[in-house]
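So you can see what is in the structure, the chains are spelled out below.
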Amino acid sequence: KRFLLALVSVVAVSAPALAQIALVRTYNCNNCHVVDRVSVGPRYTDIAKKFAGQSLAVDRIASLIVNGTGAMPPQTQVSRTTAREIAIWILSLKVN
């Protein structure tokens, strides 16, 4: 019974993260960004670290996704709502 409860808890917590990871894949964010190593763009964990503790972090990251920044072109195919979901996932990553 405890095992089942623990399993349900893990699935409940993981389901939103899985949906956000699916968005990252759908919009090809992984072509330039990776969780734990530098690629074309910064690591997701570096983005999370940069914005950690900032009250408007979700909105700022979402804005960068939609409008672009530096070498990153605007991702106009990504809605503001979707960009916010991706930003929430980025900020949820464990940073060292």
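Cut-off values and rules
- Residues numbered from 1 in each chain as written.
- Predicted model: local features only at pLDDT ≥ 70, side-chain atom pairs only at ≥ 80, totals over all residues.
- Heavy atoms only, no water.
- Salt bridge = Lys/Arg side-chain N within 4 Å of Asp/Glu carboxyl O.
- Buried < 20%, exposed > 50% of the residue type's maximum accessible area, 1.4 Å probe, protein only.
- Phe/Tyr/Trp six-rings, centres within 6.5 Å; stacked < 30°, edge-to-face > 60°.
- Helix = DSSP H or I, 4+ residues; strand = E, 2+ residues; numbered from the N terminus.
- Polar contact = N/O pair within 3.5 Å; in protein donor to acceptor, adjacent residues only side chain to side chain.
- Contact = heavy atoms within 4.5 Å.

Asks: Looking at this model, I keep getting lost on the pattern of salt bridges. Mind explaining?
Replies: Should their charged atoms come close, side chains of opposite charge can pair. Applying the stated criterion across every chain yields a total of 2 salt bridges. The partner of Asp46 in a salt bridge is Arg43, and the shortest N-O contact between them spans 2.9 Å. On the basis of relative accessibility, which here comes to 30%, the residue Asp46 falls in the partly exposed class. Take Arg43: its relative accessible area is 26%, and that puts it in the partly exposed class.

Asks: Any chance you could explain the packing of aromatic side chains here in plain terms?
Replies: The geometry of an aromatic ring pair comes down to the distance between the two centres and the angle between the two planes. For the coordinates displayed, the defined rule picks out 1 aromatic pair. The interplanar angle of 75 degrees and the centroid separation of 5.0 Å between the aromatic rings of Tyr44 and Trp89 together place this pair among those described as edge-to-face. Of this pair, Tyr44 sits in helix 2 (residues 44-51) while Trp89 sits in helix 4 (residues 80-92), and the two are 45 residues apart along the sequence. Note on Tyr44: relative accessible area 3%, which makes it buried. Accessibility expressed as a relative area gives 6% for Trp89, which makes it buried.

Asks: Just checking my understanding: could you explain the side chain of Thr82 for this structure?
Replies: One can find Thr82 in helix 4. In this structure the side chain of Thr82 is engaged in a polar contact, spanning 2.9 Å, whose partner is the side chain of Ser79. If we skip the residues at most four places from it in the chain, Thr82 touches Leu23 and Tyr27.

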